[in-house]
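# Structure assessment
Letter by letter, the chains look like this.
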Amino acid sequence: MEKWEDKLPPRARERLAKIRISSEDRERIKNMEKLKSFLSQFYQGNLSPDDLAKKIEEFQGKEKEFLIKEAQLRLVSSLSLQISSPDFKKRGKAILLLEKLKTQGKYQLIKEEINSLGSLIKRCLEEKNRAYEKLKNEVENNPELRIRKVRSEEGEVLIQLSVDEAVRASTQWKDFISRYETICGSEFSKSVERIKKMVG
């Protein structure tokens with residue numbers, strides 16, 4: 001069977017030989033590559049949360065706990081305020097399934113924090129949509145809000161924006177987005193850090 005080192009480019013093999021990595025370190029590097037591959041397949045929709053947990057459960061020895069934590073940390077880091085609800089649920093489920101593989105996990109605490117984070121993302125998105133719809137109605141009811149002055153070679157010209165362009169160009173929307181990113185972004189970051197501490 002072909003060794004994983006044989007697949008490396010020649011310069012990388014030379015460097016690897018010079019470094020003289022211990023067998024434990026080589027094993028960790030190999031396992032990290034496998035883990036990255038599993039996560040990539042998961043993000044692309046080729047592995048379900050259950051499939052991902054089964055693949056990671058197959059790791060052996062003392063590295064197993066480290067790889068479970070590493071997978072969880074990478075999954076937590078992949079979350080964002082803009083994540084779709086199905087993707088959030090899928091990643092949350094994977095984090096929890098991996099927690100069950102640990103000898104001493106904090107399953108219930110992590111589940112509560114993930115649920116809380118999901119509620120925060122939903123609330124922030126609803127707030128953003130409400131603000132957008134309110135401004136959209138104002139723009140639709142007042143066509144003057146769609147008119148903008150732009151400079152051209154002939155001087156200033158009036159152009160008519162689409163409703164969406166007018167909303168996104170308005171100072172009210174920009175002010176809202178600034179506040180939204182500060183408040184929701186801060187709460188989101190704190191929750192993500194709590195989950196990272198629990199899994200790590």
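Residues numbered from 1 in each chain as written. Predicted model: local features only at pLDDT ≥ 70, side-chain atom pairs only at ≥ 80, totals over all residues. Heavy atoms only, no water.

## Some points on the packing of helix H3 (residues 49-57) against helix H5 (residues 85-100)
At a closest axis distance of 9 Å, the pairing of H3 and H5 adopts a crossing angle of 30°. Classified by the angle between their axes, H3 and H5 sit roughly parallel to one another. Handedness of the H3/H5 crossing: right-handed. Judged by residue contacts, Pro 49, Asp 50, Leu 52, Ala 53 and Ile 56 of H3 engage Lys 90, Lys 93, Ala 94, Leu 97 and Leu 98 from H5. Here the residues of the contact of H3 with H5 are counted per class, giving 7 nonpolar, no polar and 3 charged. (Axes fitted to C-alpha atoms, helices over the stretch in contact; angles between N-to-C directions. Helix = DSSP H or I, 4+ residues; strand = E, 2+ residues; numbered from the N terminus. Parallel < 35°, antiparallel > 145°, perpendicular 65-115°, else oblique. Left-handed = near helix turned anticlockwise from the far one by under 90°. Contact = heavy atoms within 4.5 Å. Nonpolar A, V, L, I, M, F, W, Y, C, P; charged D, E, K, R; others polar.)

## Notes on the pairing of strand E1 (residues 147-152)
Residues in a regular strand project their side chains so that they alternate between the two faces of the sheet. Taken together, the 6 bridges between E1 and strand E2 (residues 155-160) define a ladder with antiparallel strand orientation. Across the sheet, Val 150 pairs through a bridge with Val 157, a residue of E2. Here E1 folds back onto E2 in antiparallel fashion, the turn holding 2 residues. (Pairing = 2+ DSSP bridges.)

## A look at the layout of surface pockets
Empty space within the second largest pocket amounts to approximately 220 Å³. What lines the second largest pocket is Leu 81, Gln 82, Ile 83, Ser 84, Ser 85, Phe 88, Lys 89, Gly 118, Ile 121, Lys 122 and Leu 125. Those elements giving two or more residues to the lining of the second largest pocket turn out to be H5 and helix H6 (107-141). Residue composition of the lining of the second largest pocket, by class: 5 nonpolar, 4 polar and 2 charged. (1 Å grid on protein atoms, 1.4 Å probe; cavity = no way out; pocket = protein on both sides within 12 Å on 5 of 7 lines; lining within 4 Å. Points joined across faces, edges and corners; volume = space filled by probe spheres on them.)

## Looking at the confidence of the model for the chain
Scored by pLDDT, the chain has a mean of 90; 95% of the residues are at 70 or more. Within the chain, H5 carries the highest mean pLDDT (97), whereas helix H1 (residues 10-19) carries the lowest (74). (pLDDT = per-residue confidence, 0-100.)

## Let's talk about the packing of H3 against helix H4 (residues 63-77)
Packing of H3 against H4 leaves a shortest axis separation of 10 Å and a crossing angle of 150°. On the basis of the axis angle, H3 is roughly antiparallel to H4. Taken together, the residues of H4 that come into contact with H3 (itself represented by Leu 52, Ile 56 and Glu 57) are Lys 64, Ile 68, Ala 71 and Leu 75. Classifying every residue of the contact of H3 with H4 gives 5 nonpolar, no polar and 2 charged.

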